[in-house]
Amino acid sequence: MSKKLRILIAKPGLDGHDRGAKVVARALRDAGMEVIYTGLHQTPEMVVEAALQEDVDGVGLSILSGAHMTLFPKVWDLMKEEGIGDRLLFGGGIIPREDVETLNKMGVGKIFGPGTTTHEIVDYVQSTVPGDDR
Amino acid sequence: MSDKIKSGKKQWQERVARCKMRDIPFETVSGEPVKMLHTPDDIRDMDYMDDLGFPGQYPFTRGVYDNMYRGRLWTMRMFSGFGSADDTNKRYKYLLEHGQTGLSVAFDFPTLYGRDSDDPMSCGEVGKCGVAISSLADMERLFDGIPLDKVSTSMTINGPAAILWAFYIVTAEKQGVTSDVLRGTIQNDILKEYIAQKSWLVPPEPSMRITVDTIAFGSENVPKWNTISISGYHIREAGSTAAQELAFTLADGFGYVEAGIKAGLDVDQFAPRLSYFFNSHIDFFEEIAKYRAARRIWARQMKTKYHAKDPRSWLLRFHTQTAGCTLTAQQPENNIVRVAWQALAAVLGGTQSLHTNSMDETLALPSEKACLIALRTQQLIAHESGVTNPIDPFAGSYFLESLTNQLEEKAYAYFDKIEKLGGITKAIEVGYPQKEIAEAAYRYQKSVEEKKRIIVGVNEYVMEGEKPEIPLLKIDPQVEKDQCVRLDELRKKRDNQKVQRTLDDLRDACKGTDNVMFPILEATRAYATLGEIAGVFKEVFGEYREPPIYW
């Protein structure tokens, strides 16, 4: 039997909108994954530190504050610096299409917008995260 | 019920039992079951004078004023703020020119958390979700050319509300306007921050002390100002049901009343300046019932439980905003229609002021055009729909009255639970309202995914490959850089010894029992920054951190 996927759901920056992050965390858990939720107001350093500590397979960032073009690249750079650039970084929030494209080009995974179902996110994480093969 | 009605009802029930029904749950968006038909039977226990009364009369179910919209329409108040103080100042002037009647300030996240624009945590957030205000100098530019004795201003600010209010009062001072004529509102509702909006500074207990100081200061010095806007809006946006919004918001309100009384204030001295702020969600009737129930509960509790004698203490006056969380990124033009009936529900529910969301708000902050359509929606309702002619036109409706009762009963059941937990502050500490809301949010999401609930354009009537072509507002990253430069200059230019002295005075007040508003005003006049003043709070009271639980 394969080991459970471990996913960190994080709220970086000052954004307090945590409804989506909580719903997604719960949906991933209900789909059989181990979910670690950082809580609010994390710096990129704190997020990556938690990812290392918890040895997660993927990191999901939730950002609705407009600070995504600062926070996604910072977390991604730190992940690479810390040697976990092979893990999935994905996310969701209020993020304009052009910004999503730019982030994807940097190597960030899928970014889900309003109206996404939790099934889509679960399927994506299950099919994308390397899990055991890592 | 007369025999004629009884037999008619029986016959109808027999006929309808043979009819085919659509296979969907017939319930409100909050999951309240809705009967197919309501009859006089549903309101047989209603006592007109006790339960409804007349407008402007206890228990105010029908509205808080005698003449309601025949006297004056609601205040059309569009929540707005983005970029720098100058950008937002231009938007305010634009809205005032187009018939808006009050201002409403949206601050960016750093400001909401009491942090300066050049704080390391502010990086990337400056001016994004609202306007960046780090000192009196920014506030002066925000209201440049706007006479503060003529407009009323609402400020959505909570953790650092006392500080931003001081910035506003001193800005007015500099315009030659004294505080006794200022009209407006600071949200200043910290309890719902821990429940839902999550922009706090210090832990609940010292927060409540600062709140009581603002209430006491306001009732003496800024008598026309609403010192708290007790808010259900964010509770609902976080995923609560209508009944939870009603119950937790009113429970917060009673929490402030109790804190004021405990601090030795006379309830009638401050209760008339408490106001409310509700969401207007997608379920038309449920929302109208919610506002009516809210007025009745507040009036009864204030009179009988808290022994307020001044009728103005019994009045629940409220602002409404349409529900951001019901808007969709898909086919965003549909949002114009959603907003229209949410706004209509608020008006039929007797709101005192209203913000209508713009169609593009799930994608970005509103563009000028989208914002104007939203304002026009209110003007259309006010002048073309005819709904402002009669007061509380749904009164007496078998359905609406029974739904009002139903929501009221649910609210009282929540009050009982909260009381058993030791009051609202204790309930928040153990995460009770937070859990209830997270649970409701998850339930709602499931019902959408299982298609028990149809969201047009999202899980039905979807347009494949849709690319919404509406222009979006972009915040230039230069805003953050400019703001940091301005702060740097300010710190060099001002009398820094004076700043230190005023901050020391504030520290003493925080440690003792003197009202913190006076030293905050002094620090403001010396151009101490938001982060410096809030820093004193955090130093004395500690910072609050929420336990990271997603349930």
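Report on the accompanying structure. (Residues numbered from 1 in each chain as written. Chains lettered and ligands numbered in written order. Predicted model: local features only at pLDDT ≥ 70, side-chain atom pairs only at ≥ 80, totals over all residues.)

Attention now goes to the overall build of chain A. When helices and strands are tallied, chain A shows five helices and five strands. Each helix and strand of chain A, placed in order from N terminus to C terminus, yields the pattern β-α-β-α-β-α-β-α-β-α. Here chain A has a C-alpha radius of gyration of 13 Å; the compact-globule value for 134 residues is 14 Å, and the two agree. If you line up chain A on its principal axes, its C-alpha atoms span 40 × 35 × 25 Å. Looking at chain A as a whole, 53% of its 134 residues qualify as buried. (Helix = DSSP H or I, 4+ residues; strand = E, 2+ residues; numbered from the N terminus. Rg over C-alpha atoms; globule rule 2.2 N^0.38 Å. Buried ≥ 20, exposed ≤ 12 C-beta atoms within 10 Å, placed from the backbone.)

On to the pairing of strand β4 (residues 183–186) of chain B, then. All names here are of chain B. Pairing of strand β3 (residues 152–155) with β4 involves four bridges; the strand directions are parallel. Bridge assignment links Thr153 to a residue of β4, and that residue is Gly184. Between β3 and its parallel partner β4, the chain crosses via helix α6 (residues 161–174), and the hand of that crossover is right-handed. (Pairing = 2+ DSSP bridges. Right-handed = clockwise from strand over helix to strand, strands pointing away.)

All right, on to the packing of helix α8 (residues 204–221) of chain B against helix α10 (residues 242–262) of chain B then. For any two helices packed against each other, the geometry comes down to the angle between their axes and how far apart the axes lie. Residues and elements named next belong to chain B. Taken N-terminus to C-terminus, the directions of α8 and α10 make an angle of 75°; their axes are 10 Å apart at the nearest point. Taken together, α8 and α10 sit at an angle that is classed as roughly perpendicular. Of the residues in α10, those touching α8 at Met208, Thr211, Val212 and Ile215 are Tyr256, Ala259 and Gly260. Classifying every residue of the contact of α8 with α10 by side-chain character gives five nonpolar, two polar and no charged. (Axes fitted to C-alpha atoms, helices over the stretch in contact; angles between N-to-C directions. Parallel < 35°, antiparallel > 145°, perpendicular 65-115°, else oblique. Contact = placed C-beta atoms within 7 Å. Nonpolar A, V, L, I, M, F, W, Y, C, P; charged D, E, K, R; others polar.)

Our next topic: the environment of Met49 of chain B. Residue and element names in this part refer to chain B. Topologically, Met49 is positioned in helix α2 (residues 48–52). Assessed through the 10 C-beta atoms surrounding it within 10 Å, Met49 is described here as exposed. Taking the C-alpha atoms as reference, Met49 lies 33 Å from Ile215; in sequence the two are 166 residues apart.

Right, let's get into the interface of chain A and chain B. Contacts between the two partners involve 28 residues from chain A, matched on the other side by 31 residues from chain B. For the side of chain A that touches chain B, the elements supplying multiple residues, two or more each, are α1 (19–30), α3 (68–81) and α5 (118–128) of chain A. Residue contributions to the side of chain A that touches chain B peak at five residues, all from α1 of chain A. Tallied by class, residues from the side of chain A that touches chain B come to eleven nonpolar, twelve polar and five charged.

This part takes up the pairing of strand β8 (residues 318–322) of chain B. Residue and element names in this part refer to chain B. Along β8, five of the five residues are buried, which leaves the element largely enclosed by surrounding structure. Residues Phe318, Thr320 and Thr322 point to one face of β8 and His319 and Gln321 to the other, with burial holding for every one of them. One ladder, built from five bridges, connects strand β7 (residues 274–280) with β8; its direction is parallel. Its bridge partner lying in β8, Phe277 is registered against His319. Pairing of β8 with strand β9 (residues 353–355) involves three bridges; the strand directions are parallel. Among the inter-strand pairings, Thr320 is bridged to a residue of β9, identified as Leu354. Chirality of the crossover, the property in question, places the unit of β8, helix α14 (residues 334–348) and β9 among those that are right-handed.

So, on to the packing of α10 of chain B against helix α16 (residues 398–420) of chain B. Residues and elements named next belong to chain B. Close contact between α10 and α16 brings their axes to 9 Å; oriented N to C, the two are set at 50°. What the angle tells us is that α10 and α16 run oblique. Crossing of α10 over α16 shows right-handed handedness. Note on element contacts: α16 touches α10 through Leu407, Lys410, Ala411, Tyr414, Phe415 and Ile418, opposite Ala242, Ala243, Leu246, Ala247, Leu250 and Ala251. (Left-handed = near helix turned anticlockwise from the far one by under 90°.)

A few words now on unusual backbone geometry. Cis rather than trans, the peptide bond between Tyr58 of chain B and Pro59 of chain B has omega equal to 0°. Within the secondary structure layout, Pro59 of chain B lies in the loop between α2 and β1 (75–80). One non-glycine residue with positive phi stands out, namely Asp55 of chain A, at about 45°. Classification of Asp55 of chain A as exposed rests on a count of 10 C-beta atoms within 10 Å.

Below, the discussion takes up the environment of Val347 of chain B. Residues and elements named next belong to chain B. By the element assignment, Val347 lies in helix α14. For Val347, a count of 22 C-beta atoms within 10 Å translates into the label buried. Spatially, the C-alpha atoms of Val347 and Val387 are 8.1 Å apart, while their sequence positions differ by 40 residues. Beyond its immediate sequence surroundings of up to four residues, Val347 is in contact with Trp74, Ile381 and Val387.

This part is about α16 of chain B. All names here are of chain B. With 23 residues, α16 ought to run about 33 Å at 1.5 Å a step, and its terminal C-alpha atoms sit 34 Å apart, in line with that. Among all positions of α16, only Leu400, Glu401, Leu403, Thr404, Leu407, Glu408, Ala411, Tyr414 and Ile418 are buried. Check the buried side of α16 and you find it contacts α10, α12 (284–305) and α17 (424–429). A positive backbone phi angle near 105° is found at Gly422, which sits one or two residues after α16. (Expected span 1.5 Å × (residues − 1).)

This part is about the sheet that holds strand β2 (residues 34–37) of chain A. All names here are of chain A. With respect to topology, five strands assemble into an open sheet ordered β2-β1-β3-β4-β5, the strand pairing being parallel. The open sheet has two edge strands, β2 and β5 (111–112), and neither has a second partner. Along the sheet, helix α2 (residues 44–53) makes contact with β1 (6–10), β2 and β3 (58–63), crossing β1 at roughly 165°.

For the rest of this paragraph, the subject is helix α15 (residues 368–383) of chain B. Residues and elements named next belong to chain B. With 16 residues, α15 should cover 22 Å at 1.5 Å per step; its first-to-last C-alpha distance of 22 Å lies within 8% of that length. Every buried residue of α15 is accounted for by Ala370, Cys371, Ala374, Leu375, Thr377, Gln378 and Ile381. In an axial view of α15, the angular spread of the buried residues amounts to 140°, which keeps them on one side of the axis. As for α15, its buried residues are in contact with β1, α3 (85–97), α14 and β9. (Arc of directions from axis to C-beta.)

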